[in-house]
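Structural characterization, general
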Amino acid sequence: MHGTPHSSPHLRVVFVLGLLAALLLPLGLTSAPRATAAPAADPVRVMPLGDSITGSPGCWRAVLWNRLVNSGYKDIDFVGTLPPQGCGQAHDGDNEGHGGELVTNVADRNLLPGRLASTRPDIVVMHFGTNDVWSSIAPDRILAAYTKLVAQMRASNPDMRILVAQLIPMNPSSCAACAQRVVDFNARIPGWARATGTDRSPVTVVDQWTGFSTATDTYDGVHPNASGDNKIAARWFPALAAVLDAGVPQDPGDPGDPGEDPAACTARFRAVSSWQGGYQGEVTVTNTSASAVSGWTTTVVPANGARLTQVWNGTHTTAADGTATVTNAAWNGALAPGASATFGFTASAPATAGTPAATVTCTGKAAAG
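Residues numbered from 1 in each chain as written. Predicted model: local features only at pLDDT ≥ 70, side-chain atom pairs only at ≥ 80, totals over all residues. Heavy atoms only, no water.

A few points about the environment of A351
Relative to the helices and strands, A351 resides in the loop between β14 (340–348) and β15 (358–366). Looking at A351, the relative accessible area reads 59%, which means it is exposed. A C-alpha to C-alpha distance of 5.1 Å links A351 and G277, two positions 74 residues apart in sequence. (Helix = DSSP H or I, 4+ residues; strand = E, 2+ residues; numbered from the N terminus. Buried < 20%, exposed > 50% of the residue type's maximum accessible area, 1.4 Å probe, protein only.)

So, the sheet that holds strand β9 (residues 278–287)
Reading across from one edge, β8-β9-β14-β11 is the order of the 4 strands in this open sheet, with antiparallel pairing throughout. Edge positions in the sheet fall to β8 (265–275) and β11 (307–312), since each of these pairs with one other strand and no more. Pairs of neighbouring strands in the sheet enclose a mean axial angle of 25°, with direction left out of account. Sheet topology note: the β8/β9 ladder contains 10 bridges and is antiparallel. From the neighbouring strand, C265 faces β9, where its bridge partner is N287. (Pairing = 2+ DSSP bridges. Axes fitted to C-alpha atoms, helices over the stretch in contact; angles between N-to-C directions.)

Here's the deal with unusual backbone geometry
Between S56 and P57 the backbone carries a cis peptide bond, its omega angle lying at -5°. Residue S136 is not a glycine yet carries a positive backbone phi of 60°. Turning to its location among the elements, S136 is positioned in the loop between α6 (130–134) and α7 (139–156).

Listed below in structure tokens is the structure:
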């Protein structure tokens, strides 16, 4: 008589596992797919563009980088085809500051498109034209080069944000006329920017001239020393921070989400009263865009060594060089098109300061649609 056949242990295990699967399937107890983390947003790419003042070594870039990082701006990437060039402090040193370069030559030879293609910036921070001014090139021609470069930036990225400096003063021993040429050229930049900026790709003017001394802030009448680097970085910081806060569309061709673009606004200073050693000032912020503004930030650069001591109807911080950044209060940030808000301040001033004066600029944040 043959004995009863026995199944192998392996077959018994397979049978049991199959039976369990059959029992669990109707209950929906199958294993769930593993969750996939959402991809992190790309860092915002910032190109410092210019000549030797930007590039060699351009230590204001290091100061600005570290101030941004220490202020909480972590997802940024300075970009350029040139590597770091010293400065003795850790920073992202990539840049597009080519020593000796003229902005008119860059435009005439179409050098910028290749550099943009290699680095794909979202924001350009441009201090460019010192060598052109030194070479006695007419402001009209320099501004025409600016316009061509802006068009090339927008061809690379239609949503490009562009910060353009009014040049730092220049007074080299070999160019007696250079100091006035810088003044004359800088006076043309705001009008050019108003005509060139668009809602999608705004152009912001950053005053690097006021309060900068060739005697104390350069080592040769042209290139900044450590004091000059700190002043340049302090001027760039509020303007660049405002653009970062507003949000930067990072996909070329994507118009961005409503409410993310900076909105146009203007700021106007007036002296209310003055006394020995100080004065009271007032700044009026006006929404000059066609859409509502949900908030605004102004930069106040008091003349002749004055410093803000108190601000009302706004909150403020003051940099080492006296440049103050004032942000709206909770109740006066929202402005309809054409509407205005004011804030006041007191300032201390040297006894020899003369008539109160200040340079003021404004950046608005568009309200959500």
